[in-house]
Amino acid sequence: FSVFGTTSIIGVVLGVAALLVVQSVATGFQHEFERRVLGVYAHINVTRAYGISEYRRFEAWLRTLDGVDGASPFVYYAMALAPHDRGDRGVDVKLASVLVKGIEPETAAQVIDLPDHLTRGSGRPIPLTDLRSDYELMPVPDRPQDELPPVIQDTPDPRGADWYDAAIQQWNAREHQDDPFRLGPGREDRDTWEDPPEQLEVVVATNDADRSNLPTMFIGVGLARELQIGEGDMVRLVDPGATFDHSEAPKFVYYVIAGVFQAGFQEYDSRLVYVDIKELQRFK
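No experiment lies behind these values; they were computed from the predicted model shown.

(A) The arrangement of the overall build of the protein chain in detail. Along the backbone of the protein chain there are eight helices and six strands. Reading the protein chain from its N terminus to its C terminus gives the helix and strand order α-α-β-β-α-α-α-β-α-β-β-α-β-α. Scored against the burial criterion, the 284 residues of the protein chain give a buried share of 34%. For the protein chain, the proportion of contacts with a sequence separation of at least 24, taken over those separated by at least 6, is 72%. Accessible surface for the protein chain amounts to roughly 17,200 Å². Of this, 55% is attributable to carbon and sulfur atoms.

(B) Local environment of the nonpolar core. With 24 residues, the main nonpolar core has Leu 81, Met 217, Ile 219 and Leu 237 as its most contacted residues. Sorting the residues of this core by element identifies strand S1 (74-83), strand S2 (96-103), strand S3 (216-220), helix H6 (221-227), strand S4 (234-239), strand S5 (251-261), strand S6 (272-276) and helix H8 (277-283) as the ones contributing at least two each. The residues touching Leu 81, leaving out its near neighbours within four places in the chain, are Lys 94, Leu 95, Ala 96, Val 98, Met 217, Ile 219, Leu 223, Leu 227, Val 235, Arg 236, Leu 237 and Val 273. Within the second largest apolar cluster, 16 residues are counted, among which are Val 40, Ala 108, Leu 118 and Tyr 274.

(C) Structural context of the side chain of Lys 251. Considering the arrangement of structural elements, one finds Lys 251 in strand S5. On the basis of relative accessible area, Lys 251 is assigned to the buried category, the value being 12%. A polar side-chain atom of Lys 251 sits 3.0 Å from the main-chain carbonyl oxygen of Phe 283.

(D) Expanded view of the environment of Pro 250. With respect to the helices and strands, the residue Pro 250 is situated in the loop between S4 and S5. On the basis of relative accessibility, which here comes to 27%, the residue Pro 250 falls in the partly exposed class. Note: C-alpha distance between Pro 250 and Asp 239 (11 residues apart in sequence) is 5.7 Å.

(E) Broad picture of the side chain of Asp 157. With respect to the helices and strands, Asp 157 occurs in the loop between helix H4 (150-153) and helix H5 (163-173). A distance of 2.8 Å separates the side chain of Asp 157 from the backbone nitrogen of Arg 159, its partner in a polar contact. Look past the residues within four positions of Asp 157 in its chain and what remains in contact with it is Arg 57, Asp 142 and Trp 163.

(F) Local environment of the packing of aromatic side chains. Scanning the model with the defined rule gives six aromatic pairs in all. Residues Phe 261 and Tyr 274 carry aromatic rings whose centres are separated by 5.2 Å and whose planes lie at 70° to one another, so their mutual orientation is edge-to-face. Pair noted here: Phe 261 is in strand S5 and Tyr 274 is in strand S6, with a separation of 13 residues, a long-range link. Side by side, Phe 261 and Tyr 274 carry an identical accessibility label, which is buried. Ring pairs connect the aromatic residues Tyr 41, Phe 265 and Tyr 268, which therefore count as one cluster. In this structure, Lys 101 packs its charged tip against the face of Phe 74, placed 5.2 Å from the ring centre. Positioned over the ring face of Trp 163 is Arg 159, at 3.6 Å from the centre of the ring.

(G) A look at the pairing of S3. Counting buried residues along S3, five of its five residues qualify, which places the element largely inside the surrounding structure. Burial along S3 is two-sided: Thr 216, Phe 218 and Gly 220 and Met 217 and Ile 219, pointing in opposite directions, are all buried. Taken together, the five bridges between S3 and S5 define a ladder with parallel strand orientation. Across the sheet, Thr 216 pairs through a bridge with Val 256, a residue of S5. Summarising the sheet, S3 and S6 pair through three bridges and their orientation is antiparallel. Paired with Phe 218 across the bridge in S6 is Tyr 274.

What counts as what
Residues numbered from 1 in each chain as written. Predicted model: local features only at pLDDT ≥ 70, side-chain atom pairs only at ≥ 80, totals over all residues. Heavy atoms only, no water. Helix = DSSP H or I, 4+ residues; strand = E, 2+ residues; numbered from the N terminus. Buried < 20%, exposed > 50% of the residue type's maximum accessible area, 1.4 Å probe, protein only. Contact = heavy atoms within 4.5 Å. Areas by Shrake-Rupley, 256 points an atom, 1.4 Å probe, with all protein chains shown as cover. Core = buried A, V, L, I, M, F, W, Y, C linked by side-chain atoms within 4.5 Å. Polar contact = N/O pair within 3.5 Å; in protein donor to acceptor, adjacent residues only side chain to side chain. Phe/Tyr/Trp six-rings, centres within 6.5 Å; stacked < 30°, edge-to-face > 60°. Lys NZ or Arg CZ within 6 Å of the ring centre and 35° of its normal. Pairing = 2+ DSSP bridges.

Structure (structure tokens):
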């Protein structure tokens, strides 16, 4: 037994223990940080400034690559969100700037952890298919083959070779009374509308009786707390567009909150909202 030897051993033990604790905490923090970030954004985000028009074929090609377990299209824009009926209750209406992410409910779970976030934030499982959008987009044809990258030229469209002809016939056969591209003052025949309008203002007036017909969205717990809203409440999403230079009128669409999520990051929980991808395609 030696006092100096025992002191040295204890010092080495404490030093190694402190090093292990620090490394474990740092590694755990790094893993948790990556898990939370990848729960909202996928491992790889492929973007194009003006959008990817042939995203169905591009997605089909991505799924053939080694190491790719899932893929899903998305759109995101900065907008503003406000409760719809706070003024009727004598409460000041708050307006929050948000990042609106449009996702495809059928495939989004392959790339993000939104189902788990909804369970954590709402206290019960909420299927992503609760993101509702009854809006029907007008089919848009792909670019000519010679304008596409070679890998996309060689990738068949998962919807079929002649999908556009069938889709546009089906779209034209339906009634589109509320579609500003379909009907306009004095222009009830689509064939007579030669030029598209330069500006559009989308305003959906509604009340409590027909909330079941409105599109839905998911919001974060921080945003729900800030605006004092929750599941079943109606909110108004505002796209300012180019109104900062007063050249375009803002667009408004009303939504019903279908669920509250908790991602674990304050920035996500207080500024991120999810809608069906068709809603943002409609906005833009």
